[in-house]
Amino acid sequence: MPAMGTSDGDNEYERQRQERVKRNRERLSALEIPVLAARVAPKPARPRPAVRPAKRRPTVESAGPKRRSARVAKLEADGNQIESEERGRIVTSIMLPKPDPVPAERHPKRDLAMQEIDGLAATDAAYISAWSSRLGTGPGVGMEKPEPSLPWLASLQLDAVDVAKVTRSATTHLAFHPTSETLLLAAGDKEGNLSLWYCAEAAQALDRASSRGDAGSSEGEGGSSEAATSGTAESEAEFDGLVSLGYHRQYISGLRWAGGPGHGAGLFSASYDGSLRRFDPGAGAAILLTSSEDLGFSAMDITLDGRTAVLGTNRGDLLVVDCRAKGPGVLSEDGHAKKINTVHFDPGDEHVFATSSTDTCVRVWDVRRLGPTPKPIAEGAHRSSCQAAHFAPDGSHRLVSTSFDNTVGVWERRGKKELACTLSIRHDNDTGRWVTPFRAVWSPSGDAILVGNMRRAVDIIDASTGQLSTQLRSEDMTAIPSRNLVHPSVEVLAAATSSGRIHLYR
């Protein structure tokens, strides 16, 4: 008899439910879900071993105070110096007096006598005196002034004996003495070094003649003639035709012979150290013409009579200096927006000069019209930094410029303020970081343009057509000739490299 409160329907439902529960359990058992879960479950972490405390070493009292670096602690030196130090014993020291601080000068602010010039030996001073008496009175003394032309430029050759290490670092400026009697070359470099190279063919004969004169004077004073002769021979063996002048301390930014009847009485030089000097070989002195603590002179040129100099600065200003007055000069600000790279007077009109600048511009000025806010009488521009602008020496008022836009330009004045580029010559001027930037120059007659080549050659370009006429190269010139100069009255070309070597093509 069924229980109260239940029916057959309820019993049937319960039976079916029990059957479904049984089937589901059988299916779960067939799937082995617990086994799979056990496989996937992370393994229990291993117990860490107990950390044993480190044994402490017994402390040993030090015999003295530990040394500590005062340099690392950024402390000034107190002047102590170790006098003695033995292992396991006491260190003793003595106190040295501190030297008085000496303010570093950008350059010597006075005239320098021959014996005060750094790097100038006594024998060099004697040779300079001998040179000064043989420099002549003007260009072309002793021979007719040659007319440079493309044929003779193309025929120049380089001999191994005409290669010399003249400057210590990269050569920045070259200046031939204008006389043709004596081949004398001045050179400046990036570190402020100046050198004179007596490179004439008769150099040894001149040296012997001057040395014999010294020997005779020694004998007349009671000295031994044999001793004088031996000393002379020794000085001849040591002298190599090079003299170093160390009165500048930074980059030589301008170099030119000027003054006197032959425009070669003195060597004028300007430097980034803020000084302009005239070296007088006859007087044996380096005369300070102007000095500045604030300005860095980045360019310079001077009139042939040596009276008026114009200097460019690294911030674009112009400074006019009366070399006879030896004063600060007259400053004209903002001649260019950036550094002035070259200044050059027009040989056909020395009241006019040209400037080139990193701001891409080439500008022509009248020195009589400069003032606090100068205005150029003509100007033109490249597409990139302009590294040089030089007037033609034939009086034609043409300009040749060199730019990092890989062009060499020839310019002429048209109208009142227009400077027209009449010839644009494609040329690789991308010298990079380690080679001094190229600066194209004229031949003395103005018929050719000379500029360095990245393939260790000198390009000679026809100034009328812009076509490459020839290239000067030699196995003895192993670097890029970035600065070049032709002698004004002798068929000689000087090619200088960033290693300080100068090559004379004759």
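This text follows the structure it describes.
To keep things clear, this report deals only with the structure shown in the data block. (Residues numbered from 1 in each chain as written. Predicted model: local features only at pLDDT ≥ 70, side-chain atom pairs only at ≥ 80, totals over all residues. Heavy atoms only, no water.)

## Overview of the layout of surface pockets
- In this structure, the largest pocket occupies an estimated 1,200 Å³ of space.
- If you trace the largest pocket, you find 39 residues lining it, with Leu174, Arg256, His344, Leu485 and Val486 closest to the centre.
- If you list the elements that add at least two residues to the lining of the largest pocket, you get strand S5 (171-176), strand S9 (252-258), strand S13 (297-302), strand S17 (340-346), strand S21 (386-391), strand S25 (441-442) and strand S29 (481-486).
- For the lining of the largest pocket, the class distribution of residues is 21 nonpolar, eleven polar and seven charged. (1 Å grid on protein atoms, 1.4 Å probe; cavity = no way out; pocket = protein on both sides within 12 Å on 5 of 7 lines; lining within 4 Å. Points joined across faces, edges and corners; volume = space filled by probe spheres on them. Helix = DSSP H or I, 4+ residues; strand = E, 2+ residues; numbered from the N terminus. Nonpolar A, V, L, I, M, F, W, Y, C, P; charged D, E, K, R; others polar.)

## Side note on the environment of Phe279
- Note on placement: Phe279 falls in strand S11 (residues 275-280).
- Take Phe279: its relative accessible area is 0%, and that puts it in the buried class.
- Spatially, the C-alpha atoms of Phe279 and Tyr247 are 9.9 Å apart, while their sequence positions differ by 32 residues.
- Once you skip the residues sitting within four places of it in the chain, Phe279 turns out to touch Met114, Ile117, Ile128, Leu196, Leu245, Tyr247, Ala265, Gly266, Leu267, Ala285 and Ala286. (Buried < 20%, exposed > 50% of the residue type's maximum accessible area, 1.4 Å probe, protein only. Contact = heavy atoms within 4.5 Å.)

## Looking at the pattern of salt bridges
- Under the defined criterion, the tally for this structure stands at 13 salt bridges.
- For Glu14, the salt bridge identified is with Arg17, shortest N-O distance 2.6 Å. Taken together, the residues Glu14 and Arg17, both in helix H1 (residues 8-31) and three residues apart, mark about one turn of the helix.
- The exposure class assigned to Glu14 is partly exposed, which follows from its relative accessible area of 34%.
- The residue Arg324 makes a salt bridge to Asp322 at a minimum N-O spacing of 3.2 Å.
- By relative accessible area, Arg324 is classed as exposed at 56%.
- Residue Asp322 is classed as partly exposed on the basis of its relative accessible area of 33%. (Salt bridge = Lys/Arg side-chain N within 4 Å of Asp/Glu carboxyl O.)

## With respect to the nonpolar core
- In this structure, Leu196, Leu245, Tyr247 and Phe279 are the most contacted members of the largest nonpolar core, which totals 19 residues.
- When residues of this core are traced back to their parent elements, those giving at least two are strand S6 (184-189), strand S7 (194-198), strand S8 (242-245) and S9.
- Core analysis: the second largest hydrophobic core is formed by 17 residues, Leu150, Leu153, Val458 and Tyr505 among them. (Core = buried A, V, L, I, M, F, W, Y, C linked by side-chain atoms within 4.5 Å.)

## Regarding the environment of His351
- Position of His351 among the secondary structure elements: in strand S18 (residues 349-357).
- Overall, the relative accessible area of 37% leaves His351 in the partly exposed class.
- With residues up to four places along the chain from it excluded, the contact list for His351 reads Trp365, Asp366, Val367 and Arg368.

## Some thoughts on the sheet that holds S9
- Across the sheet, five strands lie side by side as S3-S12-S11-S10-S9; this open sheet has antiparallel pairing. Only two strands of the sheet have a single neighbouring strand rather than two, namely strand S3 (112-113) and S9.
- In this sheet, strand S12 (residues 285-291) lies alongside S3 in antiparallel orientation, the contact comprising two bridges. Counterpart to Leu112 in the pairing with S12 is Ala286. (Pairing = 2+ DSSP bridges.)

## A word on the pairing of strand S26 (residues 448-453)
- Across the six residues that make up S26, a large majority, six, are buried.
- Strand direction decides the pairing type here: S25 and S26, joined by two bridges, are antiparallel. Following the sheet pairing, Trp442 is matched in S26 by Ile449.
- In this antiparallel pair of consecutive strands, S25 and S26, the connection spans five residues, and Gly446 shows a positive phi of 80°.
- The pairing of S26 with strand S27 (residues 457-462) spans six bridges and is classified as antiparallel.

## Overview of unusual backbone geometry
- A positive phi angle, near 65°, is found at Asn406, a position not held by glycine.
- In this structure, Asn406 sits in the loop between strand S22 (399-403) and strand S23 (407-414).
- We classify Asn406 as partly exposed; its relative accessible area is 22%.
- One non-glycine residue, Arg456, adopts positive backbone phi at about 60°.
- With respect to the helices, strands and loops of the structure, Arg456 is situated in the loop between S26 and S27.

## A few points about the pairing of strand S14 (residues 308-313)
- Counting buried residues in S14 gives five out of six residues, a clear majority hidden from the surface.
- Note that S13 and S14 share five bridges and pair antiparallel. Bridge pairing links Asp301 to Val310 in S14.
- Between the antiparallel neighbours S13 and S14 lie five residues, among them Gly306 with a positive phi of about 75°.
- Pairing geometry for S14 and strand S15 (residues 318-322), over five bridges, is antiparallel. Across the sheet, the residue bridging to Ala309 is Val321, located in S15.

## Some words on the sheet that holds S7
- Read across the sheet, four strands follow the order S5-S6-S7-S8 without closing on themselves; strand pairing throughout is antiparallel. In the strand order of this sheet, the two ends are held by S5 and S8, each with one partner. Looking at each pair of strands side by side, their axes are set apart by 20° on average, direction ignored.
- Sheet topology note: the S7/S8 ladder contains four bridges and is antiparallel. Pairing of Leu194 across the sheet is with Leu245, part of S8. (Axes fitted to C-alpha atoms, helices over the stretch in contact; angles between N-to-C directions.)

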